[in-house]
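Observations on the model geometry
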Amino acid sequence: MEELFVLAWAAGQHLMAAAVASGNSGSLGPHHKLGIENAGTLKRVGTKFGSRLDPTYLTLRPNDAATPRRQPEQATPF
């Protein structure tokens, strides 16, 4: 995932965003370890296998502390 950040910042992106089911600690934990912060949760707006989900939205900006800053070997536009 860190390589994705490097490529995004090199391409001039100013924000990375993700949506993860609130109860999914297996996905939320690794995102938080990379410095990605919670931006908010929407209650009961998603469904999966017949159950309602609360998606948590996460964001990371280039100036956030844990963001990789190295230059990519070859930046590829998205």
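Look above for the structure.
These remarks concern the structure in this document. From a predicted model like this one, the values you see are computed outputs, not experimental measurements.

Thresholds, definitions, all that
Residues numbered from 1 in each chain as written. Predicted model: local features only at pLDDT ≥ 70, side-chain atom pairs only at ≥ 80, totals over all residues. Heavy atoms only, no water. Phe/Tyr/Trp six-rings, centres within 6.5 Å; stacked < 30°, edge-to-face > 60°. Helix = DSSP H or I, 4+ residues; strand = E, 2+ residues; numbered from the N terminus. Buried < 20%, exposed > 50% of the residue type's maximum accessible area, 1.4 Å probe, protein only. Pairing = 2+ DSSP bridges. Axes fitted to C-alpha atoms, helices over the stretch in contact; angles between N-to-C directions. Contact = heavy atoms within 4.5 Å. Core = buried A, V, L, I, M, F, W, Y, C linked by side-chain atoms within 4.5 Å.

**A word on the packing of aromatic side chains**
- What the rule picks out here adds up to 1 aromatic pair.
- An angle of 15° between the planes, with centres 6.3 Å apart, marks the rings of Phe5 and Trp9 as stacked. Here Trp9 and Phe5 lie together in helix α1 (residues 2-10), a separation of 4 residues that amounts to about one turn.
- For Trp9, a relative accessible area of 16% corresponds to the buried category.

**With respect to the sheet that holds strand β5 (residues 55-60)**
- The 3 strands lie next to each other as β1-β5-β2, forming an open sheet whose pairing is antiparallel. Edge strands, defined here as strands with exactly one partner in the open sheet, are β1 (16-21) and β2 (37-41). In this sheet, neighbouring strand axes are inclined to one another by 30° on average, regardless of whether the strands run parallel or antiparallel.
- With 6 bridges connecting them, β1 and β5 associate as antiparallel partners. Paired with Ala17 across the strands is Thr59, a residue of β5.
- The strands touched by α1 are β1 and β5; relative to β1, the strand with the most contacts, the crossing angle is about 145°.

**Description of the nonpolar core**
- Of all hydrophobic cores here, the largest spans 10 residues; its members are Phe5, Ala8, Trp9, Met16, Val20, Leu28, Leu34, Ile36, Leu58 and Leu60.
- Broken down by secondary-structure element, the contributors of at least two residues to this core are α1, β1 and β5.
- Excluding anything up to four places from it in sequence, Met16 contacts Leu4, Phe5, Ala8, Trp9, Leu58, Thr59 and Leu60.

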